[in-house]
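Here is what each chain is made of, one letter per residue.
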Amino acid sequence: MKRSTSETHIVTGEIHPSVQQKHVIEKLFSDCCSAYNCVVAVVKKQLEGLESCNEYIVAKEVNDTLYKEITVLEAKAEKASGAEKTQLEAEIKTKKALKKSALDAMKTLIKAYGLTEYSLGPLVRDIKNKYSVPSELFGGTILVRVTKAVDDYLWRNGENISYKKKKDFLSLQNKRNISALIFESGKLCFSKNWKTVFEIPVTFVEDEYNEEALDGRVKYPTLVRYVKKGEWCYELQLAIEGPPPPKRNKQGGIRHPIKSGRAGLDVGTKVIAFVTEDVVLLQELCSDFDYIEDEKRQALLKQRIDVCRRANNPHKYNEDGTCKKDDKTPWVVSKRQAKLEAECKEISRKQAAKREFSHKTLVNKLVGFADTIITEDNDVKGWQKKKGREQDATGKEKSRKNHGFSIGHCAPAMFVMLLDRNLKNNKHPGVIKVNTDKLRATDYNHATQTYEEHKLSERVVYVNGRPYQRDLYAAYKLLYTNASGTGYDQKALEDNFARFTGLHDAEILRHKGMKNPGSMGIDKLLKYLESVQAA
């Protein structure tokens, strides 16, 4: 049965099973992980057959070729007019019909090879029976995830489908709130063959929000496990039908009210610039906790873990210290190594919790200024990749380091996702991403109406001979993009620039005396403003 797609919100509660119940739960996780890997093995074999099928190869080549041709024709049609545009549109329509036929042929073959959720079921029924996985869990936890991985691989340039280690298999999910995992009367019931095995009370935070949120129908439960202080802990996530209720303060009002309005947002590796008609904000992400000390502690722990690993497994290493690739014997893990690894994981868990809390706090602040936020569609993964090999004037190879460290700790893409989710959950437009190549917000100078390229190290740009913080100026231009998101409202940029200048200077002065990252370029701007005030 297909899972309901109506509007949903999530409520999370904790469960505290006994030692015996923990053994049963861990056995269920282990069986589901083994079944998942067996299903992945079947899918890999089916994918190999599909990709070697001549009909599929031809249909895929036709589809890819037509997609490229349609993209070129659409670009030409945008610039054309009159009879030429009509002819191009007719040609596009013809090619789209051919592309649809090729797509239909591909989908038919994919279904024939058992690579959809319902066609895969009969192929792997024996696996379900072998590991005695309940039908609801097998469908919701295994089939849904494997077929999603197949779809990503076939249609969205996803990575190759991989197996999972048992320690990385972290959740069990039903398709419906019946059989296997059932939430009713404040308890999580584990059932097998439609008979209840045991029940565990679920503890929710006692507040008005949870009381209101739990009133709806439970669509399906998800049992999640995570490591805390070296031990498995469990929580239950309930998917409740309906929109999430608003969070309220002690007086009964909305805790974080959302203001209707428009804003420009420029997102960097660890700094964001936010501009509305009345507010200018330059903010470092995750500035309210020190992750550098945690990183130093983790680096020390990893060194100790490596020493333990080498001491316990000398047969795994060559004389020069490199790891042997052909040695397939199991790794020996001492109690000390396991303890150090648990401590390292605990630091990462705390960091992730602090990061999420910091992002959500900033999101709640920004939604109080605007509900329609314009930002560039940046490729954050591209910022993490190593640079290409280059040499300096002396012939020495330049460093290939990029921004992986900053992105790993500040998570700018996660911040944008949380901001968009907050607004859309409350029926607001949310974050609108515009094409970076068409707008080039960093390079555009609205005074001269030209594009001026800037090096990444240039944190200050000049407009009419006056310095401005680069990210704030980019966010200001994003605020006044046109309706199509392909250009700027030039009149609005010129009319509101004086007000922006005043707000910009006030924001720069606010950072005086604070510890600011070098990527903000605050020091240079403060010197300019102080010289203007002195004059």
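Please refer to the structure higher up on the page.
Residue positions are given per chain, counted from 1 along the sequence in the order it is written. It should be noted that, the model being predicted, local features are given only for residues of pLDDT at least 70 and side-chain atom pairs only at 80 or more, the latter also being counted only at that level, while totals for whole chains, interfaces and linings use all residues. For the side-chain quantities, the full set of heavy atoms in the structure was used; hydrogens and water were omitted.

Undergrad: Kindly report on helix α16 (residues 497-510), identifying the contributing residues and their values.
TA: Secondary structure elements follow DSSP: runs of H or I of four or more residues count as helices, runs of E of two or more count as strands, with numbering from the N terminus. In this analysis, the expected span of each helix is defined as 1.5 Å times one less than the number of residues it contains. An ideal rise of 1.5 Å per residue puts 20 Å on 14 residues; α16 measures up with 20 Å between its terminal C-alpha atoms. When accessible area is computed with a 1.4 Å probe and restricted to protein chains, residues below 20% of their type maximum are described as buried, those above 50% as exposed, and intermediate ones as partly exposed. Residues Phe497, Phe500, Thr501, His504, Asp505, Glu507 and Ile508 constitute the buried set of α16. One face of α16 carries all of its buried residues, which in axial projection span an arc of 160°. Throughout, the arc means the angular range of directions from the helix axis out to the C-beta atoms.

Undergrad: Tell me what's going on with the sheet that holds strand β6 (residues 218-228), and back it up with residues and numbers.
TA: Two strands are said to pair when DSSP picks up at least two bridges between them. Taken together, seven strands build an open sheet; the order of strands is β2-β6-β7-β1-β5-β4-β3 and the sheet is antiparallel. Among the strands making up the open sheet, the edge pair consists of β2 (171-173) and β3 (181-184). Neighbour-to-neighbour, the strand axes of the sheet open up by a mean angle of 35°, direction not taken into account. Where strand β1 (residues 8-15) meets strand β5 (residues 195-203), two bridges bridge the pair, whose relative direction is antiparallel. When the bridges of β5 are listed, Ile15 appears paired with Val202. For this analysis, residues touch if any pair of their heavy atoms sits within 4.5 Å. With axes taken as lines fitted to C-alpha atoms, and helix axes fitted only over the stretch in contact, angles between N-to-C directions fall between 0 and 180 degrees. Its contacts with the sheet place helix α6 (residues 135-155) against β2 and β3, and it is angled at close to 115° to β2.

Undergrad: Mind laying out the nonpolar core, listing which residues take part and the relevant values?
TA: Counting residues in each nonpolar core, the largest one holds 53 residues, and the members touching the most others are Val39, Val43, Val146, Phe190 and Leu223. Sorting elements by how many residues they give to this core places helix α1 (residues 19-51) first, with 12 residues. Setting aside anything within four residues of it in sequence, one finds Val146 in contact with Tyr36, Val39, Val40, Val43 and Leu120. What we call a nonpolar core is a set of buried Ala, Val, Leu, Ile, Met, Phe, Trp, Tyr and Cys residues that are connected through their side-chain atoms within 4.5 Å. If you look at the next biggest cluster of nonpolar residues, it comprises 33 residues, including Val280, Leu282, Leu439 and Tyr480.

Undergrad: Can you lay out the sheet that holds strand β9 (residues 271-275) for me, pointing to particular residues and giving the numbers?
TA: The five strands are arranged β10-β9-β8-β11-β12 in an open sheet whose pairing can be described as mixed. Each end of this open sheet is capped by a strand with a single partner; those strands are β10 (280-284) and β12 (430-434). For this sheet, the mean angle separating the axes of adjacent strands, direction not counted, is 25°. Where strand β8 (residues 262-267) and strand β11 (residues 372-376) come together, four bridges link them in parallel fashion. Directly across from Arg262, in β11, lies its bridge partner Thr372. Sitting on the sheet, helix α14 (residues 470-479) is in contact with β8, β9, β10, β11 and β12, with an inclination near 140° to β8.

Undergrad: Could you give an account of empty space enclosed by the protein, with specific residues and numbers?
TA: Grid points spaced at 1 Å and placed over the protein atoms alone form the basis of the search, with a cavity being a set where a 1.4 Å probe fits but cannot get out and a pocket an open set showing protein on both sides within 12 Å along at least five of seven lines. Lining residues have an atom within 4 Å of a point. Grid points are joined across faces, edges and corners, and a volume is the space filled by probe spheres set on the points. If you walk through the whole model with that rule in mind, you get two cavities of 30 Å³ or more. For the largest cavity, the full set of lining residues is Val275, Thr276, Glu277, Tyr476, Leu479, Tyr480, Asn496, Arg499, Phe500 and Leu503. Going through the elements one at a time, α14 and α16 are the ones with two or more residues in the lining of the largest cavity. Quantified by volume, the second largest cavity comes out at close to 40 Å³. Considering the residues around the second largest cavity, the lining is formed by Thr442, Asp443, Tyr444, Asn445, Glu452, His454, Val461, Tyr462, Val463 and Tyr473.

Undergrad: Can you tell me about the pairing of β5, naming the residues and giving the values?
TA: Sheet topology note: the strand β4 (residues 187-192)/β5 ladder contains six bridges and is antiparallel. The partner of Leu188 across the bridge, within β5, is Ile200.

Undergrad: An account of the pattern of salt bridges is requested, with residue identities and associated values reported.
TA: Basic side-chain nitrogens of Lys or Arg form a salt bridge, by our definition, when they fall within 4 Å of a carboxyl oxygen of Asp or Glu. For the structure on display, the rule yields 28 salt bridges. A salt bridge links Asp306 to Arg310; the nearest nitrogen and oxygen atoms lie 3.0 Å apart. Taken together, the residues span about one helical turn, with Asp306 and Arg310 both in helix α8 (residues 291-312) at a distance of four residues. Classification of Asp306 as partly exposed rests on a relative accessible area of 27%. Owing to a relative accessible area of 33%, Arg310 belongs among the partly exposed residues under this scheme. Through salt bridges with shared partners, a single network forms among Asp306, Arg309, Arg310 and Glu341.

Undergrad: Residue-level account of the layout of surface pockets, with values.
TA: Volume-wise, the largest pocket comes out at about 2000 Å³. Along the wall of the largest pocket there are 43 residues; nearest its centre are Ile10, Lys247, Glu356, Lys360 and Arg421. Among the secondary structure elements, those contributing two or more residues to the lining of the largest pocket are β1, α7 (208-213), β6, β7 (231-241), α9 (335-366) and α12 (412-425). Tallying contributions element by element places α9 first for the lining of the largest pocket, with nine residues. Just so you know the grouping, Ala, Val, Leu, Ile, Met, Phe, Trp, Tyr, Cys and Pro go in nonpolar, Asp, Glu, Lys and Arg go in charged, and all remaining residues, Gly too, go in polar. Tallied by class, residues from the lining of the largest pocket come to 19 nonpolar, 14 polar and 10 charged. There is about 660 Å³ of room inside the second largest pocket. Lining the second largest pocket are 23 residues, with Gly268, Trp383, Leu456, Arg459 and Arg470 sitting closest to its centre. Of all the secondary-structure elements, those providing two or more residues to the lining of the second largest pocket are β8 and α14.

Undergrad: Describe a negative patch on the surface, listing the residues and the values that go with them.
TA: The patches described consist of residues with a relative accessible area above 30% and no salt bridge, like charges being joined within 9 Å and nonpolar side chains (Val, Leu, Ile, Met, Phe, Trp, Tyr) within 5 Å. Surface accessibility in these figures is a Shrake-Rupley result with a 1.4 Å probe; residues are shielded only by whichever protein chains are displayed. In this count, Lys and Arg are taken as positive residues and Asp and Glu as negative ones, while His and the chain termini are left out. The atoms used to mark charge sites are NZ of Lys, CZ of Arg, CG of Asp and CD of Glu. Taken together, the side chains of Glu206, Glu208, Glu211, Glu212 and Asp215 define an acidic patch exposed on the protein surface. On the secondary structure map, Glu211 appears in helix α7.

Undergrad: Give me the side chain of Asn174: which residues, what numbers.
TA: Tracing the chain through its elements places Asn174 in the loop between β2 and β3. Judged by its relative accessible area of 0%, Asn174 is buried. Whenever two N or O atoms come within 3.5 Å, that pair is a polar contact, provided that in protein one can donate a hydrogen and the other can accept it, and provided that, for residues adjacent in sequence, both atoms are side-chain atoms. Engagement of the side chain of Asn174 in a polar contact is seen with the backbone oxygen of Ile178, the distance being 3.2 Å. Looking at Asn174, its side chain comes within polar contact range of the main-chain oxygen of Leu181, at 2.7 Å.

Undergrad: For the pairing of strand β15 (residues 460-463), give the residues involved together with the corresponding values.
TA: Pairing between β15 and strand β16 (residues 466-469): four bridges, direction antiparallel. Counterpart to Val460 in the pairing with β16 is Gln469. As consecutive antiparallel partners, β15 and β16 are separated by two residues, and within that stretch Asn464 has a phi angle of approximately 55°, a positive value.

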